Amino acid sequence: MFVLSELKDTVRIAPELFELKLPEAIKDEINRKLANKVLYNVGLCIALQNIVSLGDSIILPGDGASHTEVIFRYIVFRPIIGEVLTGKIRSCSREGVHITLGFFDDILIPPTVLQHPSRFEETEQAWVWEYPLEDNGKHDLFMDIGETIKFRVTGEIFEEASPVGAQTGEKSSQASAEVSKTPYKIFGAINESGLGLLSWWAQDNANADDADDMDEGQEEDSENT
């Protein structure tokens, strides 16, 4: 879920920060610049791990700040495709089930990869798994907001939005569309046994634990005899 990425950047330190030791000032500036930001094709930046190397610091003409080339390692959130994660349902829509991990909200389970068959209830604003019963009936299992859910990561999309200034008319609308893009989105699936709401499989897990306890008890009895 978390990876360590080695990055390179030129860090600007303002004159009022010259009283700090250079590594300390650079660490603060890197975290201020990157923490909780999405880097294109890298992931969501979480925290600085360490500085690998510092280049020479230079002061450019007309700028009293120092500029230092830095190579550093940063902890980044970017799940591996196929990895299983656990989150909570943030909302449901016809687009699918929206998941949050607490620190990251842009996760979608599309309808095609929900447990089959499932339907969307407009009045409840929830997806429902129509769990088949032995008598050919069905039992509705609702995917309610706040429920804990386990899913498999199936894909990701990075959107690169260019910086835009104040514009008017059609250009302004295009600029707003750029700004509103989600920079990083994850897609998941729950259409396999053991995935989906944890409450769905709670009874199965309890039965499995009971069976393990019985097996252990039988082994102990055999050893005693």
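For the structure, check the block above.
Figured I'd write up the structure that's included with this text.

The rules behind each value
Counting of residues starts from 1 at the beginning of each chain's written sequence and follows it residue by residue. In keeping with the predicted nature of the model, local features appear solely for residues at pLDDT of at least 70, side-chain atom pairs appear and are counted solely at 80 or more, and the whole-chain, interface and lining totals rest on all residues. Neither water nor hydrogens contribute to the side-chain values; these are computed over all heavy atoms in the structure. Secondary structure elements follow DSSP: runs of H or I no shorter than four residues count as helices, runs of E no shorter than two count as strands, and numbering proceeds from the N terminus. Here a polar contact means two N or O atoms within 3.5 Å. Within protein one must be a hydrogen donor candidate and the other an acceptor candidate, and residues neighboring in sequence count only if both atoms are side-chain atoms. What makes a nonpolar core is a set of buried Ala, Val, Leu, Ile, Met, Phe, Trp, Tyr and Cys residues whose side-chain atoms join them at distances within 4.5 Å. The cut-offs for exposure are 20% and 50% of the maximum accessible area for each residue type, with area from a 1.4 Å probe on protein chains only; residues under the lower value are buried, those over the upper are exposed, and the others partly exposed. Contacts are assigned to residue pairs that have any heavy atoms within 4.5 Å of one another. Every case where a carboxyl oxygen of Asp or Glu lies within 4 Å of a side-chain nitrogen of Lys or Arg is listed as a salt bridge. A helix is expected to span 1.5 Å for every residue after the first. Directions are taken from the helix axis to each C-beta atom, and the arc is the one they span. When DSSP locates at least two bridges between a pair of strands, those strands are taken to pair. Lines fitted to C-alpha atoms define the axes here, with helix axes fitted over just the stretch in contact, and angles between the N-to-C directions of these axes take values from 0 to 180 degrees.

## Some remarks on the side chain of Gln115
- Mapping Gln115 onto the fold places it in the loop between strand 7 (107-109) and strand 8 (118-121).
- A distance of 2.8 Å separates the side chain of Gln115 from the backbone oxygen of Ile190, its partner in a polar contact.
- A polar atom in the side chain of Gln115 sits 3.3 Å from the backbone oxygen of Leu195.

## A look at the nonpolar core
- By size, the foremost hydrophobic cluster in this structure holds 28 residues, and its most contacted members are Ile89, Val97, Ile99, Met143, Phe151, Ile190 and Trp200.
- Contributions of two or more residues to this core are made by strand 5 (84-93), strand 6 (96-100), strand 7, strand 9 (126-132), strand 10 (138-143), strand 11 (148-158) and strand 12 (184-189).
- At four residues, the largest contribution of residues to this core is made by strand 11.
- With residues up to four places along the chain from it excluded, the contact list for Phe151 reads Glu83, Val84, Leu85, Gly87, Ile99, Leu101, Ile107, Ile109, Gly188, Ala189, Ile190 and Leu195.

## Digging into the pattern of salt bridges
- Applying the stated rule across the entire model yields 12 salt bridges.
- For Arg32, the salt bridge is made with Glu29, and the minimal N-O distance between the two is 2.6 Å. In this pair, Arg32 and Glu29 are both assigned in helix 1 (residues 22-34), three residues apart and thus about one turn of the helix distant.
- For Arg32, a relative accessible area of 55% corresponds to the exposed category.
- Two residues, Glu122 and Arg94, come together in a salt bridge whose shortest N-O distance is 2.7 Å. On the criterion of sequence distance, the pair formed by Glu122 in the loop between strand 8 and strand 9 and Arg94 in the loop between strand 5 and strand 6 is long-range, its members being 28 residues apart.
- Given a relative accessible area of 41%, Glu122 falls into the partly exposed group.
- A residue is classified by how much of its surface remains accessible, and Arg94, at 55% relative accessible area, is exposed.
- Through salt bridges with shared partners, one network takes in Arg119, Glu121, Glu130, Lys138 and Asp140.

## Topic: helix 1
- The terminal C-alpha atoms of helix 1 lie 18 Å apart, and with 13 residues this matches the ideal 18 Å at 1.5 Å per residue to within 8%.
- Within helix 1, the full set of buried residues consists of Ala25, Ile26, Glu29, Ile30 and Leu34. Projected down its long axis, helix 1 shows its buried positions confined to an angular sector of 140°, all on one face.
- Of the surrounding elements, those touching the buried residues of helix 1 are strand 1 (2-13), strand 2 (38-39), strand 3 (43-59) and strand 4 (66-77).
- Where helix 1 terminates, the next one or two residues include Asn36, which has phi positive at roughly 65°.

## Remarks on the sheet that holds strand 10
- As summarised here, the arrangement of the three strands in space is 8-9-10, forming an open sheet in which the pairing is antiparallel. Strands with a single pairing partner mark the edges of an open sheet, and in this sheet they are strand 8 and strand 10. The average angle at which neighbouring strand axes cross in this sheet is 30°, direction not considered.
- When strand 8 meets strand 9, the two strands line up antiparallel, connected through four bridges. Residue Ser118 lies in a different strand from strand 9, and its bridge partner there is Trp129.

## Some words on the pairing of strand 6
- Counting buried positions along strand 6 gives five out of five residues, so the element sits mostly inside the fold.
- Taken together, the five bridges between strand 5 and strand 6 define a ladder with antiparallel strand orientation. Bridged to Cys92 within strand 6 is Val97.
- Following strand 5, the chain reverses through two residues before pairing antiparallel with strand 6.

## Structural notes on the sheet that holds strand 4
- Overall, antiparallel pairing links the four strands, which are arranged 1-4-3-2 in an open sheet. Strands at the two margins of the open sheet, each flanked by one partner only, are strand 1 and strand 2.
- Bridge count between strand 3 and strand 4: 11 bridges; the pairing is antiparallel. Counted as the bridge partner of Cys45 is Val76 from strand 4.
- Strands in contact with helix 1 are strand 1, strand 2, strand 3 and strand 4; relative to strand 3, the strand with the most contacts, it is inclined by about 135°.

These results come straight from atomic positions and should not be treated as a statement about function.
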